[in-house]
Structures are given as structure tokens and as C-alpha cells.
Amino acid sequence: MSVTQTENGPQAVLDPMLPRTAVIREIQRETENVSTFWLELEDAEAAAAYRFQPGQFNMLYLPGFGEVAISISSDVAEPRLIGHTIRSAGSVTRGIARLQAGDKLGLRGPFGNPWPMEEVRGKSLLIVAGGIGLPPLRPVLMSILRNRSDYGRVLLLYGARKPGELLYTGEYQRWRGGQIESHITVDRADESWTGQVGVVPQLFYRIRLEHENTFVFICGPEIMMRFVIYEALARRIAKDAIFLSLERNMKCGIGLCGHCQFGPVFVCKQGPVLNYAAVEPFFGKEEF
Amino acid sequence: MSTPEFPRIEASVVVAKPALAQILKNLQGAGFTLVGPTRRDDAIQLEEISGVEDLPRGWTEEYGAGYYRLKKISDTVYFAYGPGPHSWKRFLYPSHQKLLTVKRNDGKWTFEPVEDRVPRYAFIGMRSCDVSAIGVLDRVFLGGDFRDPHYARRRASMFILTVWCTHAATTCFCASMKAGPQVQTGFDLAFTEMPDKFLVRVGSEVGAEMLAGTDWVPASAYILGQARKAHQQSEKEQKRQIRTDGLPKTLYDNLEHPRWEQVGRRCLSCGNCTLACPTCFCSTVEDTSNLNASECERTRVWDSCFTLDFSHVNGGNTRPATRARYRQWLTHKLASWIDQFGVSGCVGCGRCITWCPVGIDITEEAGALMEKPATSGAEGAAR
């Protein structure tokens, strides 16, 4: 089958696989292999029009390497500069890690189902994150800090494997100052660490929760999320008050490539933020 | 003359067998590129054809689990083949589709969309299962928030000459999937091959126009009755079936059934079934670039949920075991597809049975779970 170029005008159908050019305005080093890349769409009009919601992601494209789905980690109230906190892990993210301010990337997005911020308005919220699972929840924290009185009690349980892997350490003070009860733990301490030691679900034993009117947002490794859900359910929090953000292989971000399927769900479309009650039959099924 | 120039839509008419050549010529005259079955490499494959002489006249196929052979029969039969190794999806959803070109000059990036010249395809001799499959792909590529522009362009200008079945292959089970053997919509012309003539049902205005110069006559009640018998025969001949009532729930309730382990030990994880399947749509995107990456191309390529890479995320793969990958494929086809697109992903063409090198049979696997679903004990072992 031959595929040939024509001299036709612009496409009638907007091609959802076509990226836009974004410029890296600033790179902020977070840990040894995690940095936050602040991107702005090159086209001034597009940059001004860009909006996203907490929990959504962009497909970032490095020519010659490929695309990768990265959650937006910045404040929705300042959508022109789009923060992406990226761990250098696969070939694309390792390539991105070599870039500098002023360099460019392709960007498609935002995609995906956001955290249900409207639903938790006026309610209490427990935010639980593990490792690189905190960036997709940071826009939630920022939105709450902007409108703190819109929410009831807000708690953050966050953990990393080592103290050096904790993200956004400079912001904990501000979060605590904004009445976000923040409990931080590490799996393994070093001599610098004077805080909690242990895995994230253990932090549940340091807090008391009202089971009514409390929502739980979780993002982290699936094994961690499983035990966090277990602890939340043990405290009589309703299944449909628990939301989690899942990670799956994604090639398109628009529900067409099939890679991110989780049972009936396309994680890129109905997710990445999913209600636990909806995915319970599949969650934790081995290799599903 | 009282006979109108063209039959009306939904009319049934009769044409002599040589009229097929005229119809194909009419299609070519109208600017269509003919695609149809042709005999090559001891198989009946779907290729661009130049006319009626390329059709596999006088050839049929024998099918089985992991078995396929050509067989010579009467030379007067044009359409004696069933679902071969190819499905038609490769013309609407090519295995390699260039998506865009990226150019980087002096720090200026441009993303150039692909505007490929799309042939107007006339698909000749498509079976009902495959007509149904295009209906399924329409929902996948055109039914959601994001439409695939490449599929949309190819789909918009196609012509379908379907052939209603009068016999079933041993691997056929379209009747149980309600996807054949004679689908009543989605075609321009529907042929039923009789010993000395074709009964033609008109599905569209373009279809009617393509009958120009064929000396068509309205079908008599006798011929319609004969055809009906032949159609019923093709349904009765189907030995395989999938019980679809309650199937999605049974599959979801049996994700830890020991049967997955058994089939996982047989499955080679080769992906043949997904490539032969007329509805499997998963793809990946590949980047190719020149040496300094100043010009890159992104190409969409068919992918398969049977590959290890398919589910790769940093830190591992979601489905390292073959058992899990087979379960993903089967539960997607028969259960989650319905949640996603409102229709089953299986049209009962039987290709995955024929082209499985170890002869794994989807009807057998689904049947095993329907007959002996796990008891509460297995559900308890789910954790």
C-alpha cells in the first residue's frame, strides 16, 4: 500500500496525534534523578489558552526518542507555565533529563480524568502519596491552599524509600502552615533523618479519621495503593470515596492505542484518576 | 420499457455470472481501486485486483485449529472461500501509518501532519463477519471523543460488495456472535452465489448504479426461496459457537480460573491471533530520525497485547505471564470490549483459531469458562 503526500490544504479533521511545540523555561532539580520541567507552549495564543485540571497529564515528545505520559505537577491557577516532575527512568525520560532551559519538547494534552475537586468541596480529604506518586497530587494541594476554607480537614501522608528521594521538601513548611496535616515517612532512614520510618500505610496508625465525609486520594506504586485502600476501608471509609491514580503504558493518550487498558477502563480516558468502587473487581488481580 | 434504469435500494435482483466482470469494470470506471481475494502462496489473500480474472474462481479452503489448506472445486464458483489469513482492516487501518514529520531547523520546530492520498477502495467479496468487523472498528476509531483521522479518510470513500454465505467453514461461529452469515446493512451490494447466477441485494444508490449494463432482472419468489434455504444452510453448518448470554460477567468473575493457566502453557504468545483478527486495533508508535535528529518521522504500527513490551512501564511489565496476556486478549474481546464500545470485539470469523500455530480455539476457551466457572473457592484465592 502506498502512502503518498498530497498538496492538499490543511486537514479537515484535527489530528489528535499532532503535538504542539513547548519551550522549557526552567528546570528545577528535585532529587538525584527527578527534576521539574517548566514548559510553556511556544505559540503565545495557545500558551494563554492552555488550561488543565489537577490529576491530568500531557504526552511529552522528544523527537527521535518518543512520547511519554507525564502528570502535570503545577498549580492549575497558573496554567501558562506547566510543571512536569519527571524521574529519569526510561529512554525518553533519560533523554529529557539531558535537556536544558530553552530547549524544546512536543506536547499534547491535557488528557485524562482529573481528581474530583468539586465533589470534595466542603469535605475532609486524605491525600496519600508514595515516591513519584506525589507530583500528580501536588496540583490538589496547591488548589486547596488557594481556597483553604472551601475544604474541611486535609491530611497528607507521603513517603519515599530514602530521605534523599522525598520530593518538594522545601514546600512542606508551607503546606503545614496552610493547615494541611502532613505526615512524612521514609522506608529506610539515614543519619540525617529524624522523622518517621516505615512504609506509607503505617502512617494511618498516627492519625484519627472521621469515616464520614472523608475522601481519599491515592497515588503511588500499586502495592502501596492496595495497602492504603486496605487501611482506609478498615477505618470504614466508603469505597466510592476513595480515588486512585493509575500508571499504565500509554502510546496515544486518547483511547485509541489500547495499551493502557485496565479491564473495561482506558486509563488515559476514564483514568488516570479512577474511583475505587468502579475498579474494585479488577484492582489487585494478579497481572491484570 | 417499464423496467427502471437501476433497481431501488433494498431490491433483490438477479444477474448472470458474467455480469460480475461488468460490475467490477463499472467500479473501476467510477474511480474505485478494487481489493479482493486472490490466490497467492497457497492461500487466499486480500490484494488489489485488476478484475474478475484475479478472483480465486474454483478454489475453496479447508480450515481447522492451526490448519489451513486450499482445495480445488468446480470452476464455476467464484466465492467459495471464507475468512483467509488477511482481514480487511489492513486497508482501512494500515499496519504502518505515518503520523507526522518533525523538522527542526535553527531551533524552529514544525510538526507536519500526514495528508496521504487515500485510494477509494471497492472491497469485493467481503463476508458478513468482516462487514460486521468494520462496524466494530467504526465504533473504536470514530465513536469516541477522539477520532482517528486516517481511518476516517479511508472509511469515508469505500464501497463494499459483500457475499452472503451459503456454506460455513468448520471454524465459523458468526451466527452465535450475531455478526453473520448474512448481515443486512453496511454494504453497497450483497451477492448470493447460486450455481448459474448471482442474486444481488442492493444496499445503496452507488451499489444500484454499479449494476449498469448487467441486464439485471427482479428476483423471482422461487429464487429468493432457494437463496433463503442456502443461507439457512450456512447457519446450520456452523459447528462452533460462543454462548454470549452472561459471558462478560462469567469472564470477570473468573479472572483467576485455572483454565487461564492451562491455556497460558499452550499459548506461544506469538500474536498471530491479534494480527489475523479483523477487529484487533492496538498500535504503538515508532520514531525514526536522521542522524542528528533534525528530521523525525512518527509511524503508527500494529501492536499486540501478546508482546511483553505492550504493558511495559518503568519498573516492569503489567502482564509478564503468558497466562495474563491471553486473559487480557480474551476478556477484552468478549467482555470489556462491550463496556468500552457497546458491542463485542468478536465477530466469529474464526481466523484466530485457524492461524494459531498451536490451535488454541477461542470458542473452546470461552466455553470452558462458561461450563465450569470457578466456585467461590477460586474467587477466595483471588487475593
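Since the structure is predicted, the reported quantities are computational estimates derived from the model, not experimental observations. Numbers given for residues are sequential positions, taken from 1 along each chain in its written order. Chains and ligands are labelled by the order in which they are written, letters from A for the one and numbers from 1 for the other. Under the rules for a predicted model, residues below a pLDDT of 70 receive no local features and side-chain atom pairs below 80 are neither given nor counted, while totals for whole chains, interfaces and linings still include all residues.

Okay, the overall build of chain B next. Within chain B, the secondary structure is distributed over 13 helices and 16 strands. A radius of gyration in this sense is built from C-alpha atoms; the matching globule rule multiplies 2.2 Å by the number of residues raised to 0.38. What you see for chain B is a C-alpha radius of gyration of 23 Å, in line with the 21 Å of a compact globule of 383 residues. Put simply, chain B has 383 residues, and 48% of those count as buried. Secondary structure counts use DSSP, requiring at least four H or I residues in a row for a helix and at least two E residues in a row for a strand, with both numbered from the N terminus. Here a residue counts as buried when 20 or more other C-beta atoms sit within 10 Å of its C-beta, as exposed when there are 12 or fewer, and as partly exposed otherwise, the C-beta atoms being derived from the backbone.

Within chain A, the secondary structure is distributed over 7 helices and 15 strands. Here the C-alpha radius of gyration of chain A, 20 Å, is about what a compact globule of 288 residues would show, namely 19 Å. With the C-alpha coordinates of chain A rotated into their principal frame, the extents come out at 65 × 40 × 35 Å. Note that contacts rest on C-beta atoms placed from the backbone: two residues are in contact if these are within 7 Å. When contacts within chain A are restricted to residue pairs at least 6 apart in sequence, those whose partners lie at least 24 apart make up 69%.

Time to look at the packing of helix H8 (residues 258-266) of chain B against helix H10 (residues 322-341) of chain B. Residue and element names in this part refer to chain B. To define axes, lines are fitted to C-alpha atoms, for helices over the stretch in contact only, and angles between the resulting N-to-C directions are given on a 0 to 180 degree scale. Orientation of H8 relative to H10, taken along the N-to-C sense of each, is 105°, at an axis distance of 8 Å. Here H10 runs roughly perpendicular to H8, going by the angle between their axes. On H10, the residues that touch Trp260, Glu261, Val263 and Gly264 of H8 are Thr322, Arg323, Tyr326 and Arg327. Classifying every residue of the contact of H8 with H10 gives 3 nonpolar, 2 polar and 3 charged. Comment on the angle field: the value is read as roughly parallel under 35 degrees, roughly antiparallel over 145, roughly perpendicular from 65 to 115, and oblique elsewhere. Residue type decides the class: Asp, Glu, Lys and Arg count as charged, Ala, Val, Leu, Ile, Met, Phe, Trp, Tyr, Cys and Pro as nonpolar, and the leftover types, Gly among them, as polar.

A cis amide bond, omega 5°, links Gly109 of chain A with the succeeding residue Pro110 of chain A. Structurally, Pro110 of chain A is set in strand E6 (residues 104-111). The omega angle of the peptide bond from Gly271 of chain A to Pro272 of chain A is 5°, so this bond is cis rather than trans. A positive phi angle, near 60°, is found at Gln179 of chain A, a position not held by glycine. Relative to the elements of secondary structure, Gln179 of chain A occurs in the loop between helix H5 (172-177) and strand E9 (180-186). Look at Lys178 of chain B: it is not a glycine, yet its phi comes out positive at around 55°. Structurally, Lys178 of chain B is set in the loop between strand E9 (159-164) and strand E10 (189-193).

With that out of the way, let us pick up the environment of Ala21 of chain B. All names here are of chain B. For Ala21, the location among the structural elements is in helix H1 (residues 19-29). Through-space distance from the C-alpha of Ala21 to that of Tyr252 is 50 Å; in sequence the pair is 231 residues apart. In this view, Ala21 contacts Gly51 and Val52; residues no more than four positions away in its chain are not counted.

To continue, consider helix H4 (residues 149-156) of chain B. Taken residue by residue, H4 of chain B has Pro149, His150, Tyr151 and Arg154 of chain B as its buried positions. Summarising the contacts, the buried residues of H4 of chain B are in contact with helix H2 (89-92), strand E6 (96-105) and helix H3 (128-142) of chain B.

What follows covers the environment of Ser344 of chain B. All names here are of chain B. With respect to the helices, strands and loops of the structure, Ser344 is situated in the loop between H10 and helix H11 (351-354). For Ser344, a count of 22 C-beta atoms within 10 Å translates into the label buried. Residues Ser344 and Met177 lie 167 residues apart in sequence; the distance between their C-alpha atoms is 8.0 Å. With residues up to four places along the chain from it excluded, the contact list for Ser344 reads Met177, Thr244, Leu334, Trp337 and Ile338.

Time to look at the sheet that holds strand E14 (residues 295-302) of chain B. All names here are of chain B. Here, a strand pair is defined by DSSP locating no fewer than two bridges between the strands. Taken in spatial order, the 4 strands line up as E7-E6-E14-E13 in an open sheet, and their pairing is antiparallel. In this open sheet, the two edge strands, each paired with only one partner strand, are strand E7 (108-113) and strand E13 (283-289). For this sheet, the mean angle separating the axes of adjacent strands, direction not counted, is 20°. Relative to E14, E6 runs antiparallel, the two sharing 7 bridges. Residue pairing for E14: Lys103 is matched across the bridge by Glu295.

Before going further, it helps to examine the pairing of strand E11 (residues 197-202) of chain B. Working note: regular strand, side chains alternate between the two faces of the sheet. Residue and element names in this part refer to chain B. The buried fraction of E11 is high, at 5 of 6 residues. The sheet contact formed by E10 and E11 spans 5 bridges and is antiparallel. The residue of E11 that forms the bridge with Thr192 is Leu199. Connecting the antiparallel pair E10 and E11 is a turn made up of 3 residues.

Residues and elements named next belong to chain B. Two axes enter the bend calculation: one fitted to the seven residues ending at the residue in question, the other to the seven starting there, and the bend is the angle between them. If you look at H10, its biggest bend is around 60°, right at His332. By the criterion of burial, H10 is predominantly enclosed, with 16 of the 20 residues buried. Just downstream of H10, Gly342 is the residue with a positive phi angle, here 75°.

Before going further, it helps to spend a moment on the sheet that holds strand E2 (residues 34-41) of chain A. All names here are of chain A. Spatially, the 6 strands line up as an open sheet ordered E4-E3-E6-E1-E2-E5, and their pairing is antiparallel. The sheet is open, and its two borders are formed by strand E4 (66-71) and strand E5 (82-87), each paired with just one other strand. Looking at each pair of strands side by side, their axes are set apart by 40° on average, direction ignored. Note that strand E1 (residues 20-31) and E2 share 8 bridges and pair antiparallel. Across the sheet, Val23 pairs through a bridge with Glu40, a residue of E2.

Residue and element names in this part refer to chain A. Annotation comment: domain bounds sourced from an automatic or database domain assignment. By the assigned domains, chain A splits into domain 1 (20-111) and domain 2 (117-245). In this structure, domain 1 and domain 2 have C-alpha centres spaced 24 Å apart. Contacts between the two partners involve 15 residues from domain 1 and, on the opposite side, 15 residues from domain 2. Counting only elements with at least two residues in the side of domain 1 that touches domain 2, the list comes to E1 and E5. For the side of domain 1 that touches domain 2, the residue count by class is 5 nonpolar, 6 polar and 4 charged.

All names here are of chain B. Relative to E14, E13 is paired through 7 bridges, and the arrangement is antiparallel. Counterpart to Val285 in the pairing with E14 is Arg300. Count of turn residues in the E13/E14 antiparallel hairpin: 5 residues, of which Ala293 carries a positive phi of about 60°.

Time to look at the interface of chain A and chain B. Facing 41 residues of chain A, the contacting portion of chain B comprises 46 residues. Taken together, the elements giving at least two residues each to the side of chain A that touches chain B come down to E4 and E6 of chain A. Of the residues that constitute the side of chain A that touches chain B, the class distribution is 16 nonpolar, 17 polar and 8 charged.

The tendency in soluble globular proteins is for nonpolar side chains to be buried as a group. Note on definitions: a nonpolar core is a set of buried residues drawn from Ala, Val, Leu, Ile, Met, Phe, Trp, Tyr and Cys, linked by C-beta atoms within 7 Å. Within the largest apolar cluster, 189 residues are counted, with the highest numbers of intra-cluster contacts made by Ile127, Val216 and Phe217 of chain A together with Ala122 and Phe123 of chain B. For this core, the element with the highest residue contribution is H3 of chain B, accounting for 8 residues. With residues up to four places along the chain from it excluded, the contact list for Ala122 of chain B reads Leu27, Phe32, Thr33, Leu34, Val35, Phe159 and Leu161 of chain B.

So, on to the domain arrangement of chain B. Residue and element names in this part refer to chain B. Segmentation of chain B into domains returns domain 1 (12-87 + 119-236) and domain 2 (247-283 + 304-372). Relative to domain 2, the C-alpha centre of domain 1 lies at a distance of 28 Å. With 26 residues of domain 1 in contact, the opposing surface of domain 2 contributes 25 residues. Of all the elements in the fold, those that place two or more residues in the side of domain 1 that touches domain 2 are strand E5 (67-72) and H3. A total of 8 residues in the side of domain 1 that touches domain 2 trace back to one element, the largest contributor, which is H3. Looking at side-chain class alone, the side of domain 1 that touches domain 2 contains 17 nonpolar, 7 polar and 2 charged residues.

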